[in-house]
Amino acid sequence: MTRAPASEPAPTESAPAPGAVRRARLAFRRWRHTRPFWASVWTGLGGFVIFFLPMAPLGKILSIGVGGIAGMAGGVVLMAMALLILVLPSQRHTAGVLAVIAGVASFPLSNLGGLFIGMFLAVLGGSMAFSWLPEKPAKRARRPGRSRRTASPREGSAVA
């Protein structure tokens, strides 16, 4: 009876195949490039900061009053906009504008906008979502006889 060398680990059935991890990573990358992924991440992170910064025991929130609740509501709105940006890229303009408005509104409502960090992230993510454009389709190939550099703007006009 021969034994395997001690340096080689015993194969396990739960470990994924090396190709499967790479395929999953490439599939995620393709999916991520079809939507404003980073805009959603920054907006959600800003909402998270704004939501959890005023979190305190219930007695403290009741003594703080509406300001603490308004800050938490702003954070929830921002996290919802981040999810909307990620799931429905066609609604990115509306969600981006609402995220910027909620981020700026968090300044007076929630501890200086989550100590400026949450407000900055929300405005950054909202503006990125608003400005994101889907990938353009590949351009048609030019005819071999023409190029932009050789064609002059007065090519067909008569010069007097």
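The coordinates are above.
Every chain is numbered independently, its residues counted from 1 as its sequence is written. Residues qualify for local features only when their pLDDT is at least 70, as the model is predicted, and side-chain atom pairs are given and counted only at 80 or more; totals for whole chains, interfaces and linings, by contrast, use all residues. The basis for every side-chain value is the complete set of non-hydrogen atoms in the structure, without hydrogens or water.

Below, the discussion takes up the overall build of the protein. Across its full length, the protein carries 7 helices and 0 strands. Segments assigned H or I by DSSP are reported as helices when at least four residues long, segments assigned E as strands when at least two residues long, and all are numbered from the N terminus. Secondary structure elements of the protein, listed N to C terminal, follow the sequence α-α-α-α-α-α-α. The contact rule is simple, with two residues in contact once any of their heavy atoms fall within 4.5 Å. For the protein, long-range pairs separated by at least 24 residues make up 72% of all intrachain contacts whose partners lie at least 6 apart in sequence. Using a 1.4 Å probe, accessible areas were evaluated by the Shrake-Rupley method; residue-level cover was limited to the displayed protein chains. Working note: accessible area of the protein is about 11900 Å², and carbon and sulfur atoms make up 67% of it.

Moving on to the nonpolar core. For our purposes a nonpolar core is just a set of buried Ala, Val, Leu, Ile, Met, Phe, Trp, Tyr and Cys residues, chained together by side-chain atoms within 4.5 Å. Type-normalised accessible area, obtained with a 1.4 Å probe on protein chains alone, sets the label of each residue: buried when under 20%, exposed when over 50%, and partly exposed for intermediate values. Counting 10 residues, the largest nonpolar core is built from Ala39, Ile50, Leu78, Met81, Ile85, Ala95, Ala99, Ala102, Ala122 and Ala129. For this core, the secondary structure elements donating two or more residues are α2 (37-52), α4 (66-87), α5 (92-109) and α7 (117-131).

This brings us to the environment of Pro36. For Pro36, the position within the fold is in the loop between α1 (18-32) and α2. Look past the residues within four positions of Pro36 in its chain and what remains in contact with it is Ile85, Pro89, Arg92 and Trp132.

All right, on to the side chain of Thr43 then. The topology assignment puts Thr43 in helix α2. Classification of Thr43 by relative accessible area gives buried; the value is 0%. A polar atom in the side chain of Thr43 sits 2.8 Å from the backbone oxygen of Ala39. Residues in contact with Thr43, not counting those within four places in the same chain, are Leu78, Met81, Ala82, Ile85, Ala99, Leu121, Ala122, Gly125 and Gly126. Any pair of nitrogen or oxygen atoms within 3.5 Å is treated as a polar contact; in protein, a donor-acceptor pairing is required on top of that, and neighbouring residues in sequence qualify only through side-chain atoms on both sides.

All right, on to the packing of α5 against α7 then. Here α5 crosses α7 at 160°, and the two axes come no closer than 7 Å. Between α5 and α7, the angle is such that the two are roughly antiparallel. Like other packed secondary-structure pairs, α5 and α7 cross with a definite hand, here left-handed. On α7, the residues that touch Arg92, His93, Gly96, Val97, Ala99, Val100, Gly103, Val104, Ser106 and Phe107 of α5 are Met119, Ala122, Val123, Gly126, Ser127, Ala129 and Phe130. Partitioned by chemical class, the residues of the contact of α5 with α7 number 10 nonpolar, 6 polar and 1 charged. Note on definitions: angles span 0 to 180 degrees between N-to-C directions of axes, and those axes are lines fitted to C-alpha atoms, for helices only across the stretch in contact. Here the angle decides the label: under 35 degrees means roughly parallel, over 145 means roughly antiparallel, 65 to 115 means roughly perpendicular, and every other value means oblique. In this scheme the crossing of two helices becomes right-handed for a clockwise turn of the near helix relative to the far one and left-handed for an anticlockwise turn of less than a right angle. Under the scheme applied here, ten amino acids are nonpolar (Ala, Val, Leu, Ile, Met, Phe, Trp, Tyr, Cys and Pro), four are charged (Asp, Glu, Lys and Arg), and all others, including Gly, are polar.

With respect to the helices and strands, Arg92 occurs in helix α5. In terms of polar contacts, Arg92 uses its side chain to reach the backbone carbonyl oxygen of Pro89, at 3.1 Å. Of the polar contacts made by the side chain of Arg92, one reaches the backbone oxygen of Trp132; its length is 2.8 Å. With near-sequence residues (within four places) excluded, Arg92 lies in contact with Pro36, Ala129, Phe130, Trp132, Leu133 and Pro134.

Turning next to a nonpolar patch on the surface. Residues enter patches when they are more than 30% accessible in relative terms and free of salt bridges; like-charged ones are connected within 9 Å and nonpolar ones (Val, Leu, Ile, Met, Phe, Trp, Tyr) within 5 Å. Salt bridge, as applied in this entry: a Lys or Arg side-chain nitrogen positioned within 4 Å of an Asp or Glu carboxyl oxygen. Taken together, the side chains of Leu53, Phe107, Leu112, Leu115 and Phe116 define a hydrophobic patch exposed on the protein surface, amounting to about 440 Å² of accessible area. Judged by its relative accessible area of 52%, Leu115 falls in the exposed class.

Turning next to α7. Multiplying one less than the number of residues by 1.5 Å gives the expected span of a helix. In this model, α7 (15 residues) spans 21 Å end to end at C-alpha, consistent with the 21 Å of a helix rising 1.5 Å per residue. Of all the residues in α7, the buried ones are Gly118, Met119, Leu121, Ala122, Gly125, Gly126 and Ala129. One side of α7 carries all its buried residues, which in axial view fall inside an arc of 165°. Facing away from the buried side of α7, by more than 90 degrees, are the exposed residues Ile117, Phe120 and Ser131. Summarising the geometry, the arc corresponds to the directions from the helix axis toward the C-beta atoms.

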